[in-house]
Number of protein chains: 2
Amino acid sequence: MVLFNSDKEQGWEDLGDGVSRKVMSYNDDLMVVKVRFEAGSIGAPHQHPHTQISYVASGVFEYTIGDRTFVMAQGDTCIVPSNSIHGCRCVEAGVLVDSFNPMREDFVIQTPPSYSR
Amino acid sequence: MVLFNSDKEQGWEDLGDGVSRKVMSYNDDLMVVKVRFEAGSIGAPHQHPHTQISYVASGVFEYTIGDRTFVMAQGDTCIVPSNSIHGCRCVEAGVLVDSFNPMREDFVIQTPPSYSR
């Protein structure tokens, strides 16, 4: 099992429109993912059953959860309850470190099974 | 419910021996906590049933999980499986951002009940 994840040894996945993602450590219950935003880029409003906490590693983000919006700077965090609609607008380029419970299966590249049954 | 946690509005809890803690966002399932270490300070080996992921926000840490040790720098992460013995030695002063599933009840100050029954 991989226990340690070196930032330098992993590349960014380009999601388009100035947003990139890097999946770091995870198991079934917990996952940490970095999301890098260029200034002006958008994390479009969306929702999922996973609880999420975002930590601002760098940059400035106008972050909306439900009907509440807060301008977040380096070191700040927020919590997105299960199924809450949330999104952000990147004011100054930076990186969010997102934690999820449970892990986001949709973020992991699925290897097709060797046999179809 | 508190959704946004400003880093500047929360103080550090001094744990002694060069280590401080700041509990950030949490619910029952997920908690993010900052732990600040002075150079040379130690996170003594311990274990807990919670899954933990540590993200190095700053500094350099010699981090041990079970029988494996890795020198972690800014941006790196590691995952501590449930009940794995883990600890660290701070090589250069910095901050770990720790995520836990479930939340760490022992990190939250308990308010005594108003009535004893």
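See the structure printed just above.
Residues numbered from 1 in each chain as written. Chains lettered and ligands numbered in written order. Predicted model: local features only at pLDDT ≥ 70, side-chain atom pairs only at ≥ 80, totals over all residues. Heavy atoms only, no water.

Draft legend 1. Representation of the overall build of chain A within the structure. What chain A contains, in helices and strands, is zero helices and nine strands. Listing every helix and strand of chain A by position from the N terminus yields β-β-β-β-β-β-β-β-β. For chain A, the C-alpha atoms occupy an extent of roughly 50 × 30 × 25 Å along the three principal directions. For chain A, contacts bridging at least 24 residues in sequence account for 60% of all contacts bridging at least 6. Computing the positive centroid from 9 side-chain charges and the negative centroid from 15, chain A places the two 3 Å apart. (Helix = DSSP H or I, 4+ residues; strand = E, 2+ residues; numbered from the N terminus. Contact = heavy atoms within 4.5 Å. Lys, Arg positive; Asp, Glu negative; His and termini not counted. Charge placed at Lys NZ, Arg CZ, Asp CG, Glu CD.)

Draft legend 2. Representation of the packing of aromatic side chains. The tally for this structure, following the rule as stated, stands at nine aromatic pairs over all chains. Pairing Phe 4 of chain A with Tyr 63 of chain B gives two aromatic rings, centres 6.4 Å apart and planes at 75°, and the pair type is edge-to-face. A residue pair is termed interchain when its members come from two chains, as with Phe 4 of chain A in strand E1 (residues 4-5) and Tyr 63 of chain B in strand E6 (residues 51-65). In this structure, Arg 21 of chain A is placed above the aromatic ring of Phe 107 of chain A, and the distance from its NZ or CZ to the ring centre is 3.8 Å. (Phe/Tyr/Trp six-rings, centres within 6.5 Å; stacked < 30°, edge-to-face > 60°. Lys NZ or Arg CZ within 6 Å of the ring centre and 35° of its normal.)

Draft legend 3. Spotlight on the relation of the copies chain A and chain B. At an RMSD of 0.0 Å, chain A and chain B line up after a rotation of 180° and a shift of 0.0 Å along the axis. One copy is carried onto the other by what is essentially a two-fold rotation axis. When the interface residues of chain A are mapped onto chain B, 100% of them are again interface residues, pointing to one common binding face. (Least-squares fit on C-alpha atoms with pLDDT ≥ 70 in both.)

Draft legend 4. View of the pattern of salt bridges. For the structure shown, the criterion picks out 10 salt bridges over all chains. A salt bridge links Asp 7 of chain B to Lys 22 of chain B; its shortest N-O distance comes to 3.1 Å. Here Asp 7 of chain B is found in the loop between strand E1 (4-5) and strand E2 (13-16), whereas its partner Lys 22 of chain B is found in strand E3 (residues 19-26), with 15 residues between them in sequence. Residue Asp 7 of chain B is classed as buried on the basis of its relative accessible area, which comes to 17%. Given a relative accessible area of 4%, Lys 22 of chain B falls into the buried group. Here Arg 104 of chain B ties to Asp 106 of chain B by a salt bridge, and the two come within 2.7 Å at their closest N and O atoms. Classification of Arg 104 of chain B by relative accessible area gives buried; the value is 7%. In the salt-bridge network here, residues are joined through shared partners; they are Asp 7, Lys 22 and Lys 34 of chain A. (Salt bridge = Lys/Arg side-chain N within 4 Å of Asp/Glu carboxyl O. Buried < 20%, exposed > 50% of the residue type's maximum accessible area, 1.4 Å probe, protein only.)

Draft legend 5. Representation of the pairing of strand E3 (residues 19-26) of chain A within the structure. Residues and elements named next belong to chain A. E3 sits mainly inside the fold: seven of its eight residues count as buried. Alignment of E3 against strand E4 (residues 31-37), held across six bridges, turns out to be antiparallel. Along E4, the bridge assignment pairs Lys 22 with Lys 34. (Pairing = 2+ DSSP bridges.)

Draft legend 6. Main features of the interface of chain A and chain B. Taken together, the contact pairs 38 residues of chain A with 38 residues of chain B. For the pair chain A and chain B, the summed buried area comes to about 3,100 Å², and 67% of that belongs to carbon and sulfur atoms. The interface formed by chain A and chain B contains zero salt bridges. Where chain A touches chain B, the interface holds 15 residue pairs in polar contact (both at pLDDT 80 or more). Sorting the residues of the side of chain A that touches chain B by element identifies E1, E3, E4, strand E6 (51-65), strand E7 (68-72), strand E8 (77-80) and strand E9 (86-101) of chain A as the ones contributing at least two each. With seven residues, E6 of chain A is the largest single contributor of residues to the side of chain A that touches chain B. (Buried area = accessible area lost by both parts, 1.4 Å probe. Polar contact = N/O pair within 3.5 Å; in protein donor to acceptor, adjacent residues only side chain to side chain.)

Draft legend 7. Quick look at the nonpolar core. Formed by 60 residues in total, the largest nonpolar core has its most connected members in Phe 37 and Tyr 63 of chain A together with Phe 37 and Tyr 63 of chain B. Not counting chain neighbours up to four residues away, the residues in contact with Phe 37 of chain B comprise Gly 18, Val 19, Ile 42, Gly 43, Phe 61, Cys 88, Cys 90, Ala 93, Gly 94 and Leu 96 of chain B. (Core = buried A, V, L, I, M, F, W, Y, C linked by side-chain atoms within 4.5 Å.)

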